[in-house]
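Now for the letters of each chain:
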Amino acid sequence: MPAEAWSTLVSSLPSLVVGLIAAAAAVIVALLNRGGARENALIDQLQEQVASVSARLDASLRRERIRDDYIHTLRDHIDQGKKPPSPPWPDGLTN
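Residues numbered from 1 in each chain as written. Predicted model: local features only at pLDDT ≥ 70, side-chain atom pairs only at ≥ 80, totals over all residues. Heavy atoms only, no water.

A. Up close: the overall build of the protein chain. Along the backbone of the protein chain there are 2 helices and 0 strands. Here the protein chain has a C-alpha radius of gyration of 37 Å; the compact-globule value for 95 residues is 12 Å, and the former is much larger. Seen through its C-alpha atoms, the protein chain measures out along the principal axes to roughly 120 × 20 × 10 Å. In the protein chain, buried positions account for 4% of the 95 residues. (Helix = DSSP H or I, 4+ residues; strand = E, 2+ residues; numbered from the N terminus. Rg over C-alpha atoms; globule rule 2.2 N^0.38 Å. Buried < 20%, exposed > 50% of the residue type's maximum accessible area, 1.4 Å probe, protein only.)

B. Geometry of the packing of aromatic side chains. Within this structure, the stated rule accounts for 1 aromatic pair. The interplanar angle of 25° and the centroid separation of 5.0 Å between the aromatic rings of Tyr 70 and Trp 89 together place this pair among those described as stacked. Highlighted residues: Tyr 70 in helix H1 (residues 3–79) and Trp 89 in the loop between H1 and helix H2 (91–94), separated in sequence by 19 residues. By relative accessible area, Trp 89 is classed as exposed at 56%. (Phe/Tyr/Trp six-rings, centres within 6.5 Å; stacked < 30°, edge-to-face > 60°.)

Printed below as a string of C-alpha cells:
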C-alpha cells in the first residue's frame with residue numbers, strides 16, 4: 001500500500017471511531033427508551049386504579065356519614081319519646 005493511502009486511512013480513523021461510538025450510543029438510547037414505554041403504561045394503569053379506588057372510598061365515606069346522621073336522628077326521635085313512624089330514610093340511603 002502506498003504511503004498516501006496509509007496517511008489517508010490513519011487521518012480518517014478518528015472520524016470512523018467517533019461515528020461508530022455515535023451509532024452505538026444511538027442503539028443504546030433506542031433500547032432504553034423502548035423499555036420505558038412498558039413502565040409508563042403500567043404507571044398509567046396504576047394511576048387509573050388509584051383514581052377508581054379513591055372515588056369508591058369517597059362514595060363509601062359519604063354514605064357512612066349519611067347513615068351516621070340518620071342514626072342520630074333516630075336516636076333523637078326515641079329520646080324525645082316520639083311515637084312511630086320514625087323519620088323518613090335519607091335520600092343517600094334509599095338509592
